[in-house]
Amino acid sequence: MRHLLPTLKELTRTDMLICDEFPVSALPHVPVHPDSDTTPDRPVFIRSAAGKAYLYPASFDQPGPLIEDGSPTISCNTSASSSRSLPHHSMLPVPVIPPTLELAQVIPMFIQSPFLIVKNDRDEWSGYLSASDIMKAMHQAHRLMEAYLETTLETAGSALSLINEEAKVAYWTSGAEHIFSISKTDIIGQPAANFFPPERLQSLKTLYTGETVYRKQHQPRPDLFALINARPVRLDGRIVGAVAAEVDITTEIRLHQELLHMTSKVQHLEKAVARLRPETDPFARIKGSSPIIRQCQETIRKISTTPATVLILGESGTGKELFAKAIHDLREPQTAPFIAINCGAIPASLFESELFGYEKGAFSGADPKGKKGKIELADGGTLFLDEIGEMPSELQVKLLRVLQERSYFPVGGTRTKQANCRIIAATNQDLPAMIARNQFREDLYYRLNVINLIIPPLRLRKEDIYELTQTFLQEFSLLYNRHIEVIPPEVFKLLFQYDWPGNVRELRNVIERLTILTMDGEVKPEYLPDSLTSTAGILHQKSMPIHISMKRENETRSEAASGQHSTASYQQQLDAYEAQLLLKYLEAAGGNKRTLAKQLGISRATLYNRMKRLGLQNV
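The rules behind each value
- Residues numbered from 1 in each chain as written.
- Predicted model: local features only at pLDDT ≥ 70, side-chain atom pairs only at ≥ 80, totals over all residues.
- Heavy atoms only, no water.
- Helix = DSSP H or I, 4+ residues; strand = E, 2+ residues; numbered from the N terminus.
- Buried < 20%, exposed > 50% of the residue type's maximum accessible area, 1.4 Å probe, protein only.
- Contact = heavy atoms within 4.5 Å.
- Areas by Shrake-Rupley, 256 points an atom, 1.4 Å probe, with all protein chains shown as cover.
- Pairing = 2+ DSSP bridges.
- Core = buried A, V, L, I, M, F, W, Y, C linked by side-chain atoms within 4.5 Å.
- Axes fitted to C-alpha atoms, helices over the stretch in contact; angles between N-to-C directions.
- Parallel < 35°, antiparallel > 145°, perpendicular 65-115°, else oblique.
- Left-handed = near helix turned anticlockwise from the far one by under 90°.
- Nonpolar A, V, L, I, M, F, W, Y, C, P; charged D, E, K, R; others polar.
- Phe/Tyr/Trp six-rings, centres within 6.5 Å; stacked < 30°, edge-to-face > 60°.
- Lys NZ or Arg CZ within 6 Å of the ring centre and 35° of its normal.
- Polar contact = N/O pair within 3.5 Å; in protein donor to acceptor, adjacent residues only side chain to side chain.
- Expected span 1.5 Å × (residues − 1).
- Arc of directions from axis to C-beta.
- pLDDT = per-residue confidence, 0-100.

> Looking at this model, I keep getting lost on the overall build of the chain. Mind explaining?
When helices and strands are tallied, the chain shows 23 helices and 21 strands. Out of the 619 residues belonging to the chain, those deemed buried represent 43%. Nonlocal contacts in the chain, meaning residues at least 24 apart in sequence, comprise 62% of its contacts between residues at least 6 apart. In the form shown here, the chain has an accessible surface area of approximately 33,700 Å², with 52% of it arising from carbon and sulfur atoms.

> Looking at this model, I keep getting lost on the sheet that holds strand 7 (residues 125-130). Mind explaining?
Strand order in the open sheet formed by three strands is 5-6-7, with mixed pairing between adjacent strands. Edge strands, defined here as strands with exactly one partner in the open sheet, are strand 5 (96-97) and strand 7. Two elements, strand 6 (residues 115-119) and strand 7, share five bridges in a ladder whose sense is antiparallel. Each bridged residue has a counterpart across the sheet, and for Phe 115 the counterpart in strand 7 is Ser 130.

> Sorry, what's going on with the nonpolar core here?
If you look at soluble globular proteins, the nonpolar side chains tend to sit buried side by side. Phe 351, Ile 375, Leu 383, Leu 385, Ile 388, Phe 440 and Leu 448 are the most contacted members of the largest nonpolar core, which has 32 residues in total. Contributions of two or more residues to this core are made by strand 13 (310-313), strand 14 (338-342), helix 10 (348-356), strand 17 (382-386), helix 12 (393-405), strand 20 (422-427), helix 13 (431-436) and helix 14 (442-448). A per-element tally of this core places helix 12 first, with five residues. Once you skip the residues sitting within four places of it in the chain, Ile 375 turns out to touch Leu 355, Phe 356, Leu 383, Val 402, Tyr 408, Ala 419 and Cys 421. In terms of nonpolar packing, the next biggest core, distinct from the first, is built from 24 residues, Ile 465, Val 491, Val 510 and Leu 514 among them.

> When you look at the packing of helix 8 (residues 291-303) against helix 9 (residues 320-331) in this model, what are you seeing that I'm missing?
Contact geometry of helix 8 with helix 9 gives a least axis separation of 9 Å together with a crossing angle of 40°. Between helix 8 and helix 9, the interaxial angle falls into the category oblique. Considering how the two elements wind past one another, helix 8 and helix 9 form a crossing that is right-handed. On the side of helix 8, the interface is formed by Ile 293, Cys 296, Ile 300, Arg 301 and Ile 303, while helix 9 contributes Phe 323, Ala 326, Ile 327, Leu 330 and Arg 331. For the contact of helix 8 with helix 9, the per-class residue count stands at eight nonpolar, no polar and two charged.

> Please clarify how the packing of aromatic side chains should be interpreted in this entry.
Two aromatic rings, taken as a pair, are described by how far apart their centres are and by the angle between their planes. Counted by the stated rule, this structure contains 13 aromatic pairs. Following the ring pairs from residue to residue traces out a cluster consisting of Phe 45, Phe 115 and Tyr 128. When the ring centre of Trp 125 is taken as reference, the NZ or CZ atom of Arg 47 above it lies at 5.1 Å. Sitting over the ring of Phe 338, Lys 325 keeps its end group 5.8 Å from the ring centre.

> Would you explain the sheet that holds strand 21 (residues 451-454) in this entry?
Note on sheets: strands pair through backbone hydrogen bonds, and any given pair is parallel or antiparallel. Taken together, the five strands give an open sheet; going across it, the order is 14-17-20-13-21, and neighbouring strands pair in parallel fashion. In this open sheet, the two strands that pair with only one neighbour each are strand 14 and strand 21. Direction aside, neighbouring strands of the sheet carry axes that sit 20° apart on average. Direction of pairing for strand 14 relative to strand 17: parallel, over a ladder of five bridges. Residue pairing for strand 17: Ile 341 is matched across the bridge by Leu 385.

> I tried to follow the side chain of Ser 290 on my own but got confused; where do I start?
Take Ser 290: it is sitting in the loop between helix 7 (250-276) and helix 8. Note on Ser 290: relative accessible area 0%, which makes it buried. Within polar-contact distance, the side chain of Ser 290 engages the side chain of Asp 464 at 2.7 Å. Those residues in contact with Ser 290 that lie beyond four places of it in its chain are Arg 461, Glu 463 and Asp 464.

> What is the right way to look at helix 15 (residues 465-480) in this model?
Each α-helix winds once per 3.6 residues, and so residues spaced three or four apart point in a common direction. Here helix 15 contains 16 residues, and its C-alpha end-to-end distance of 22 Å stays within 8% of the 22 Å for a straight helix at 1.5 Å per residue. Within two residues after helix 15, Asn 481 carries a phi angle of roughly 55°, on the positive side.

> Would you mind showing me how to read helix 22 (residues 593-600) here?
Residues Lys 593, Leu 596, Ala 597 and Leu 600 constitute the buried set of helix 22. Considered in projection along helix 22, the buried side chains sweep an arc of 100° and stay on one side of the axis. Facing away from the buried surface of helix 22 by more than 90 degrees, the exposed residues are Arg 594 and Lys 598. Between a side-chain oxygen at the N-terminus of helix 22 and the backbone nitrogen of Arg 594 the separation is 3.0 Å; the capping residue is Asn 592.

> Before we go on, may I ask you to explain the packing of helix 10 against helix 12 in this structure?
Angle between the axes and distance between the axes: these two values describe a pair of packed helices. Between helix 10 and helix 12, the least distance of the axes is 10 Å, while the angle of their chain directions is 15°. Looking at the two axes, helix 10 sits roughly parallel to helix 12. In this structure, helix 10 meets helix 12 at a crossing whose hand is left-handed. Facing Ala 348, Phe 351, Glu 352 and Phe 356 of helix 10, the residues of helix 12 in contact are Glu 394, Leu 395, Lys 398 and Val 402. Considering only residue class, the contact of helix 10 with helix 12 consists of five nonpolar, no polar and three charged.

> Quick question: what am I supposed to make of the confidence of the model for the chain here?
Any residue range with low pLDDT should be treated as having predicted coordinates unsuitable for detailed reading. Mean pLDDT for the chain: 78, with 79% of residues reaching 70 or above. Low pLDDT (under 50) marks residues 60-89, which in the prediction has 52 contacts with non-local residues, meaning those over four places away or in another chain. Within the model, the stretch residues 535-568 combines pLDDT values under 50 with 68 contacts to residues more than four positions away or in other chains.

This is the structure we're talking about:
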C-alpha cells in the first residue's frame, strides 16, 4: 500500500526566502508572523559561499548547534517602520537533499533540522520540506491505510486475528468474535493464552518458531475444530507478530464423525451379511494391482481348475491365508468349509487330536462324546495347514498317509475315516534346507509341493502400498473414530522408502499406529516408528528364507537394475523396472491409457499419477 504514502514532490514547498551570506548590516528586513515575535511567515535560508544551507535564526524558536568559527552573528528587523534587535542565535545547518530520495530515507534527517532543502537536477534550491507537513501527511496516510486494512479484513469472511511480539492480541475481526464468542473489547490488548490453552494456539507456535501453515486442522478449544492459515509478521529480519485466518469446521467434523459412525454400523452389517452370503469376488480381500500380484491371481485361477494339493511359499506377513482362501473360493462351492490350522501354535501333545480328532474315552480328560478333528470338519472343502514347517516330525508321517491313502485313524479309534478334503499348506521356512537338516520329511515335501504359489514380499510390490494404506486407513478411522482425510506426501515417501521386513502385516500395524496417534486429523512423520524414520530402518532388508522365492527376487532385481548404474538405490531400480513394465503394457495397449488402466484394474487417475511419479507423464 505504498501508493497511499505522499511523495516528496507533493510535500515540497516553494514559499521560502534564500539569502546569500553577507555582512550583518546588509541583511534584509524579514517580516514575522503577527502572533509571534520570532517566527516569520516563511523560512529564510542562508546560503554560504561553500553552498551549505543554514536556517535564519528568526525561523526557529530554539537555539541550534554552533556553525564553524568565524560565521557572522545576525540580527533582524521585525518590520520596516518599527525595528528591534532579536536575541542572538547560532544559525542551524539545514540538509540539502535530491528529489529522488524515498520518504523513509528523508524522515530521519529531520532530527538535525525542522526543514530540508530540496535541490533539482540542475543543483538549484527548488524548495523545502517541513517536518510539520510530513507529520500531517503521514498521519493522514496512516488513517487511510488503517481504514483500508480494517475494511479488507472484515470483508475477508474468515476469523482473522493478529498477535504482537508480546503474544498479546493486536487485532480481532467480527468473524473471530462470531466463531469464538469473544468480543474485541475483551480480548484486544490481552495475552492470547488467557483465552485459549497455549498448547492449542497455532499463532503462538508461529510467533515463536516462524512456522507457516496452510489449511491445517486444529482445535483451539476442545469443543471447536478449525482450518487455519498462519504466517509470521517480519520486520527488519525479525518476527514481530503472527497473523492467523481460521474457518470454523466444527459442524463438518461432527457430521463426518456421525457419518463414520453410521459407516461403521453399515460395515458391521455388511460383515454379518458376508458371513451368510460369501463374497462373490474371491480376490476382494487381496489388495493391490501390481503386475506381480496380478500374476499371482492368474496362477490361482489356473490352480482352481484342479483338486491338486497346493504349497504356498512366502515371508511372514504376506497374507498367505488370504491367497489360500481365494483358491478355496474359486474351486469349491459356497457351502464348502474352509478350515485353517496353525501348525506352529498347537503343542505337539495336542496336535494329533486337533488334526485327527478322537473317539470317546480315548484318554483322561477327553470329551466323553468324542471330538471331530480338523480333517473331518473340512469334509467336502479345504484344510489349510499354515506354518507347515512347524509340524512335529512324528506327525509328518501320519499326514503323509492322509495325502497318499486319503484315510486316517482318529486318536483311540479302530476304524479308518476318509479324508474328503483338499489340502493347502503354507510356510515361510526354507523346506529344502530343513530336509537337509533332517527337520522335514522329503517325501512329505514332494507330496505337498504338487503346485506351489509364491507370494511376493511387500518390498517387491511397493506400488501396492498406496492402495493398502488407504484400505487400512479407512478400517482404523472407523474403528477408532478418527477424522483423517489424507496422508501427506512426506509420510508416503517414508512408507515407500522402507523395505517392510514384516510385509503387509507390518504396514497394517504402522497405519493403525498412525491412526491412533493422529488426534487433530493431520498425520505427521514423527508418528511413524523409529524403524521407518532412521537410515538403518530404511536400508534394512530381510532376506526370504525360501530358496525358490529368493531366486525369484534376485531375478526381479536383475531386471530392475538393467541399464542402471551399480550404485543406483534399490528404490530407483524398482522405479526403473516399473517404468519399463508400464511402457511395455502401454505399447501392447496401442498407447491407449484408458485401455491400460482397465487392464490393470485401476482408475485412469491412478495410472496418470503413477506415470507422473515415474517421469512418464509426457508419454
